[in-house]
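Commentary on secondary and tertiary structure
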Amino acid sequence: MAATQQLSNVLPLGSSINDLGHLEIGGCDAVELAREFGTPAYFVAEDDIRTRARAFVEALRARHDDFDVLFASKAFPCTAVYRLLAEEGLVCDVASGGELHLALRGGFDASRIYLHGNAKSLAELEQAIDAGVGHVVLDSFMDIDRLERVAADRGVHQAVLIRVTPGVAGRTHAKISTGQADSKFGFGLDDARLAIERLRRSNSLNLVGLHMHIGSQLLSLEAYRPAVEALATLGDFPTYNFGGGLGVAYTAGQQPPAIEDYIDTKISALHEILGRDKRILIEPGRSLVANSTVTIYTVETIKRNVSTWVGVDGGMSDNLRPMLYGSVYEAFFADRAALAGTGERAHVAGKHCESGDVIVRDVPLHEPKAGDLLVTPATGAYGHAMANNYNGIPRPPVIFCKDGDARVVVRRETYDDLAARDV
Ligand SMILES: Cc1ncc(COP(=O)(O)O)c(C=O)c1O
Ligand SMILES: N[C@@H](CCCC[NH3+])C(=O)O
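- The name an unreviewed UniProt entry assigns to the protein is Diaminopimelate decarboxylase, from the organism Conexibacter stalactiti.
- Taken verbatim from the UniProt record of the protein, the Cofactor (unreviewed entry) comment is "pyridoxal 5'-phosphate".
- Per UniProt, the protein carries the Function (unreviewed entry) text "Specifically catalyzes the decarboxylation of meso-diaminopimelate (meso-DAP) to L-lysine."

Take a look at the structure:
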């Protein structure tokens, strides 16, 4: 049991080990889930996401009157997740026409959607304005020109924010650091001043505030205050969006900041630097959904050479993060969860034709054998979202689990789906 206690920070809230020694998530036996829905598959404890969404809302409500929590939907864009978070009273950030389509399908009112993007197309801007999105977050001078034309053509007065790169980068992997001046995102401080001037003269765009997002998977909160200080040099606005970024635990040893501390840091900076009379938006993605989900694979092969290689039926097509960022995960067997963290050290290899397709390196696995069900926790954020069809692998299903019941919310792709776009 000690082993799963250590893993409680990475597993969905409410997970347990049942009398058979099997992992349970959302009250469902993981071995039964794999039997019923097949592998690989993403299994989501619905209540985990609800609890975290409520924690963000409550932490804000305790500290500030006028706020919204935006679901940064790039982290887990499927209609069931949009629906769940719309039910929890969140608003939504989308970064493309496709995410906008899903958010609307998932039940978000268009007025509660913010459109982001550093390279929005004309078609996406038209789609957003025609749908009636509440806010567009502007990212470049061309973005301003294009949106102004679209809004003017339609006689719409569109609320906008400007995305600013405050010159402060959150401490994280270089590929997910976004606050530095030399970034593809947003306006640097000098350009932001020009953009503000430009928007003050606009008849069709109504600048309501500033946005920043300084990086993702931040395990330290120290960069937020200097970033807010930088925003404050741009003038006084009614609305500020301080982005997402809160890190999560991927491995047993990790202790990310608590949601309350994260909100406290942002709200203290808001009150002390910008004032109390502001509307504040925050935009979490990963920290809402990452730990809600486990992926379950089936072990197909075991090979022993210099190392032990445990080959599973998925890989970089369902979890690109180890390949992109060298991300580290835990792994253990669903039917002997209490033995997590014990056994022979092995690499969990994906099935793709890439030497780097290794899901977890150097993890203790208890007597691995073909047919074992291998669990990797914390795959809810940027897992399904970045899934792909490399090597002709159909993308896995997403299964929601709650109170012992499980239901498919995204079905498994088929081989016919793979061929469907060929002409
Ligand atoms: C503009 C914007 N907002 C919010 C997020 C969500 O970030 P996270 O998943 O780190 O909370 C991102 C992604 O990093 C982003 O680019
Ligand atoms: N895809 C990244 C996060 C991207 C953040 C989006 N701005 C990850 O898995 O960590």
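1. Overview of the sheet that holds strand β6 (residues 91-94)
- Taken together, the 8 strands give a closed barrel; going around it, the order is β5-β6-β7-β8-β9-β10-β11-β12, and neighbouring strands pair in parallel fashion. For this sheet, the mean angle separating the axes of adjacent strands, direction not counted, is 30°.
- Contacts from helix α5 (residues 97-105) reach β6 and β7 (113-115) within the one sheet, and its direction differs from that of β6 by about 155°.

2. Some thoughts on the site of ligand 1
- Close to ligand 1 lie 16 residues, the nearest being H213, S216, E283, R286 and Y382.
- Y382 places a side-chain nitrogen or oxygen 2.6 Å from an oxygen atom of ligand 1.
- Alone, ligand 1 offers 390 Å² of accessible surface; in the complex the protein occludes 93% of this.
- Taken atom by atom, the bulk of ligand 1 overlaps the largest pocket.
- Of the residues belonging to the shell around ligand 1, the class tally is 3 nonpolar, 8 polar and 5 charged.

3. What about the UniProt feature "modified residue: N6-(pyridoxal phosphate)lysine" (unreviewed entry) in the protein?
- Per the UniProt annotation, the sites labelled "modified residue: N6-(pyridoxal phosphate)lysine" (unreviewed entry) are K74.
- Topologically, K74 is positioned in the loop between β5 (67-72) and α4 (79-87).
- Judged by its relative accessible area of 31%, K74 is partly exposed.
- In contact with K74, other than residues within four places in its own chain, are D93, A95, E99, Y382 and A385.

4. Considerations on the site of ligand 2
- As a matter of local geometry, ligand 2 sits amid K74, I176, R286, R321, Y325, Y382 and M386.
- In the environment of ligand 2, an oxygen atom lies 2.6 Å from a nitrogen or oxygen atom belonging to the side chain of R321.
- Y325 has a polar side-chain atom sitting 2.8 Å from a nitrogen atom of ligand 2.
- Relative to its unbound accessible surface of 310 Å², ligand 2 loses 85% to contact with the protein.
- Here the shell around ligand 2 is built from residues that sort into 4 nonpolar, no polar and 3 charged.

5. Things to note about helix α9 (residues 224-232)
- Among the residues making up α9, those that are buried are Y224, A227, V228, A230 and L231. Along the axis of α9, the buried residues cluster in a sector spanning 155°; they form a single face.
- On its buried side, α9 packs onto α8 (189-200), β10 (205-211), β11 (239-241) and α10 (259-274).

6. Concerning unusual backbone geometry
- Following T39, the chain continues into P40 via a peptide bond in cis, with omega recorded as -10°.
- Mapped onto the secondary structure, P40 falls in the loop between α2 (30-37) and β4 (41-45).
- Its identity is not glycine, yet Q217 carries a phi of approximately 55°, on the positive side.
- Inspection of the secondary structure puts Q217 in the loop between β10 and α9.
- Judged by relative accessible area, Q217 falls into the buried class, the value being 11%.
- One non-glycine residue, D362, lies in positive phi territory at about 55°.

7. Observations regarding the UniProt feature "binding site: pyridoxal 5'-phosphate" (unreviewed entry) in the protein
- Feature annotation in UniProt places "binding site: pyridoxal 5'-phosphate" (unreviewed entry) on G245, E283, P284, G285, R286 and Y382, given in this structure's numbering. Set against the largest pocket, the annotated residues that line it come down to G245, E283, P284, G285, R286 and Y382.
- Here P284 shows up in the loop between β12 (279-282) and α11 (286-289).
- Relative accessible area serves as the criterion here: at 1%, P284 is assigned to the buried category.
- When near neighbours in sequence (up to four residues on either side) are disregarded, P284 contacts F56, V69, L70, F71, A72 and G244.
- On the secondary structure map, R286 appears in helix α11.
- Among the polar contacts made by the side chain of R286, one reaches the side chain of Y250 at a distance of 2.7 Å.

Rules behind the numbers
- Residues numbered from 1 in each chain as written.
- Chains lettered and ligands numbered in written order.
- Predicted model: local features only at pLDDT ≥ 70, side-chain atom pairs only at ≥ 80, totals over all residues.
- Heavy atoms only, no water.
- UniProt positions renumbered as here; feature names shortened; annotations may be inferred.
- Pairing = 2+ DSSP bridges.
- Helix = DSSP H or I, 4+ residues; strand = E, 2+ residues; numbered from the N terminus.
- Axes fitted to C-alpha atoms, helices over the stretch in contact; angles between N-to-C directions.
- Contact = heavy atoms within 4.5 Å.
- Near = heavy atom within 4 Å.
- Polar contact = N/O pair within 3.5 Å; in protein donor to acceptor, adjacent residues only side chain to side chain.
- Areas by Shrake-Rupley, 256 points an atom, 1.4 Å probe, with all protein chains shown as cover.
- 1 Å grid on protein atoms, 1.4 Å probe; cavity = no way out; pocket = protein on both sides within 12 Å on 5 of 7 lines; lining within 4 Å.
- Sits in = over half its atoms within 2 Å of the grid points.
- Nonpolar A, V, L, I, M, F, W, Y, C, P; charged D, E, K, R; others polar.
- Buried < 20%, exposed > 50% of the residue type's maximum accessible area, 1.4 Å probe, protein only.
- Arc of directions from axis to C-beta.

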